[in-house]
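The primary structure of each chain is shown beneath.
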Amino acid sequence: MSKRVYVAMSGDVIHHGQINVIKKAAQLGEVTIGLHTDAVIASYWRVPILSYQERFEIVSNIKGVLEVIPQEELDQVPNLRKLRPDYVVHSNDWVSGPFKNLREKVVEALKEWGGQLVEIDRTKGVSLDRLTELSDNLKVTTDVRRASLRKLLQIKGKIRVMEAHNGLTGIIVEKTKQFDEETGYYRQFDAMWLSSLCDSTTKGKPDIEVVDNTSRMNTLNEMLEVTTKPIIVDGDTGGITEHFVYTVRSLERIGVSAIIIEDKIGLKKNSLFGTEAMQQQDEIEHFCEKIAAGKKAQVSNDFMIIARIESLILSQGMEDALNRARHYIEAGADGIMIHSIDKTGQEIFEFAKRYQDFPNRVPLVIVPTAYDAVYETALFDAGVNVIIYANQLLRAGYKAMQDTAMEILKCGRGYEADHNCISIKEVINLIEVEN
Ligand code: SPV
Ligand code: MG
C-alpha cells in the first residue's frame, strides 16, 4: 500500500521552493495538500490575492498532488490527527524562527502513530519574507485597496485598526507587527483610521469640522501613497447631505474603503467631551436620509458607509441607541459604530449583547479610548467586529515632542533629550530608497 504524505501550504504565490517540497513528497507516496483557508492566510500574512477556490484549482493541478483539503488553522496537527500520514514534508526553514513552535507540534503529533517529518533544504532565494517584500513592492491598485476592508471583514470578521495622520504614521501602522509565540501568527493592524481629532490636531486646529475636505484629501493622499492597507475615514457629521454625496465619491475614487459619519448636527465637537460640550444629536429620519443619499451616490459596491451612534455619549440611553441602529441599518448603513465614554466598557458590552439579536446585523465598530483597560479579545468575543485605536500615535508623538522641546530649553543643548529620540542613523535609514 502506498504511503500517505501531507504538505501544508498557502498556494497564494507558488514558487519553485514549494514545487521542490511537493516533488519530494510525491517521491514518498500519495500527496495530500493542506491548503490554508483565506482566514489563516489573512492572520499570518495578508489578505490572499487569490480566493481559496482559485488556489484550490491551481494546487490540485500540480503534478503529484492527489487531493487538496482545507487547513483551517496554521497548526497542522488537527488535520494530521485526521489523516495520520506516514510523512509530513516541509522545507527546513522552520527549524528556527517564527514557525518553530508549529514544527515542534508536528513532530510531537507524528509520534502518536509513528509518522515521520521529512525536511528538505530551503530553496535559495525564496521565503515568506522575500515574497512579502516582492508583493509589497507591487503595491495595490485603487480598486483592490478599496475592496480590501469588506474582504477582510468577510474572511476574518475581527479587525484591528490604528490611527494614522500622515505618511509616516501610515508606515508605522502598515509595518508594525508582533509575533505571537503561542499561535504562530503575527499580530498586526488590519487597517488605518484617519481620525478627525488627530488630523485636526496635527494641523493645529480644533476637532470641529474646520479642516476642510481638500485638506483631508491631502492627508489621505500622503497615507495612500506609501501604504497598502485599507483606510477608514472619520467623516464627522458628513456635513450637509448635498455635500456628503460628493465626499463619498471623492473617497471611493482615491481608494478609501469606508467612511464613518456620526449622528450629530450643528457645531460638532469631539465626543470625548461627553455632555460637557453643547452638542445636538440629529433626528433619526434626517440622518437616515443622509445615509441613503450616500449609498445612492457611491459608484463601487465595495465602499462602506458606517453610521455612528452618539446616544450613549449624549446620555440618551441604550434604547435610543438600539433604535437608531435599527433605523440606520434599514437606511442602508454598511456598519454601525457605537461610541461610549463609560470607562468600564459595560455600556458597550450591553449594546453588543443586544445587537447580536438583530436579524439584519451589519459589522459593529467601536473606539475603546475611554475604556482602554478592556482587552480586545473580550470585545471581539462580545461580538464586536472592528476595534479602532483612534488617537494613540498622535498622543504618543506629541508627548515625546513636547518633552524633547522642554528638555532642550532646560539644558541649553540637545544631548539630554536624546533618550526621547531615535538616532540620526535610524532616521536617515528609516525610509528606504525604492529601486
Ligand atoms: C476621532 O478620532 O476623531 C473620533 C473618535 O471621532 S473620538 O475622538 O473618540 O470621537
Ligand atoms: Mg472624530
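Residue numbers here run from 1 along each chain, matching the order of that chain's written sequence. Throughout, the order in which chains and ligands are written sets their labels, letters from A for the former and numbers from 1 for the latter. Side-chain atom pairs in this predicted model are given and counted only at pLDDT of 80 or more, local residue features only at pLDDT of at least 70, and totals for whole chains, interfaces and linings cover all residues. Side-chain numbers come from the whole structure's heavy atoms, not from hydrogens or water.

## Examining the pattern of salt bridges
Piece 1. The rule for a salt bridge is simple: a side-chain nitrogen of Lys or Arg has to be within 4 Å of a carboxyl oxygen of Asp or Glu. If you walk through the whole model with that rule in mind, you get 28 salt bridges.
Piece 2. Between Lys-203 and Asp-199 there is a salt bridge, and its shortest N-O distance comes to 2.6 Å.
Piece 3. Each residue gets one of three labels from its accessible area relative to the maximum for its type: buried under 20%, exposed over 50%, partly exposed in between, using a 1.4 Å probe on protein chains only. Classification of Asp-199 by relative accessible area gives buried; the value is 0%.
Piece 4. We note a salt bridge from Arg-308 to Glu-262, for which the minimum N-O separation is 3.6 Å.

## A few points about the domain arrangement of the protein chain
How big an interface is tends to be expressed through the accessible area that disappears when the partners come together.
Piece 1. Residue ranges labeled as domains rest on an automatic or database domain assignment. If you check the domain split of the protein chain, you get domain 1 (4–129), domain 2 (140–390) and domain 3 (396–430).
Piece 2. By definition in these notes, contact holds between two residues if any of their heavy atoms fall within 4.5 Å. Facing the 17 residues of domain 1 at the interface are 12 residues of domain 2.
Piece 3. In short, buried area is how much 1.4 Å probe accessible area vanishes from two parts on joining, totalled over both. Area buried by domain 1 at its contact with domain 2 is led by Ser-43, Val-47 and Pro-98, which between them contribute 38% of it.
Piece 4. Strands are runs of DSSP state E lasting at least two residues, helices are runs of H or I lasting at least four, and both sets are numbered from the N terminus onward. Breaking the side of domain 1 that touches domain 2 down by element, the ones donating at least two residues are helix 2 (38–44) and helix 5 (100–111).
Piece 5. Ranked by residue count, the leading element in the side of domain 1 that touches domain 2 is helix 2, at 6 residues.

## So, the packing of aromatic side chains
Piece 1. Planes of paired rings set the category: under 30 degrees apart is stacked, over 60 is edge-to-face and the rest tilted, where pairs are Phe, Tyr or Trp rings (Trp by its six-membered ring) whose centres lie within 6.5 Å. In the structure shown here, the tally under the stated rule is 6 aromatic pairs.
Piece 2. Taking 5.2 Å as the distance between ring centres and 65° as the angle between the ring planes, the aromatic pair formed by Phe-179 and Tyr-186 counts as edge-to-face.
Piece 3. Residue classification places Tyr-186 among the partly exposed positions, given a relative accessible area of 22%.
Piece 4. One aromatic cluster in this structure is built from Phe-351, Tyr-355 and Phe-358.
Piece 5. The rule is short: NZ of Lys or CZ of Arg within 6 Å of the ring centre and within 35 degrees of the ring normal puts a charge over the ring. When the ring centre of Tyr-186 is taken as origin, the NZ or CZ atom of Lys-177, which lies over that ring, is 4.4 Å away.

## Observations concerning the pairing of strand 14 (residues 304–309)
Piece 1. Of all 6 residues in strand 14, 6 are buried, a share of seventy percent or more.
Piece 2. A two-sided burial pattern is seen for strand 14, the buried positions comprising Met-304, Ile-306 and Arg-308 on one face and Ile-305, Ala-307 and Ile-309 on the other.
Piece 3. In terms of strand pairing, strand 14 meets strand 15 (residues 335–338) through 4 bridges, oriented parallel. Looking across to strand 15, one finds that Arg-308 is bridged to Met-337. Two strands qualify as a pair provided that DSSP identifies no fewer than 2 bridges between them.

## Describing the sheet that holds strand 17 (residues 386–389)
Piece 1. Taken together, the 8 strands give a closed barrel; going around it, the order is 6-9-10-11-14-15-16-17, and neighbouring strands pair in parallel fashion. The average angle at which neighbouring strand axes cross in this sheet is 25°, direction not considered.
Piece 2. Two elements, strand 6 (residues 159–163) and strand 17, share 4 bridges in a ladder whose sense is parallel. Bridge pairing in strand 17 links Met-162 to Tyr-389.
Piece 3. Relative to the sheet, helix 16 (residues 392–411) contacts strand 6 and strand 17, its axis offset from that of strand 6 by approximately 35°. For helices, the fitted line uses only the C-alpha atoms of the stretch in contact; every axis is such a line through C-alpha atoms, and the angle between N-to-C directions lies from 0 to 180 degrees.

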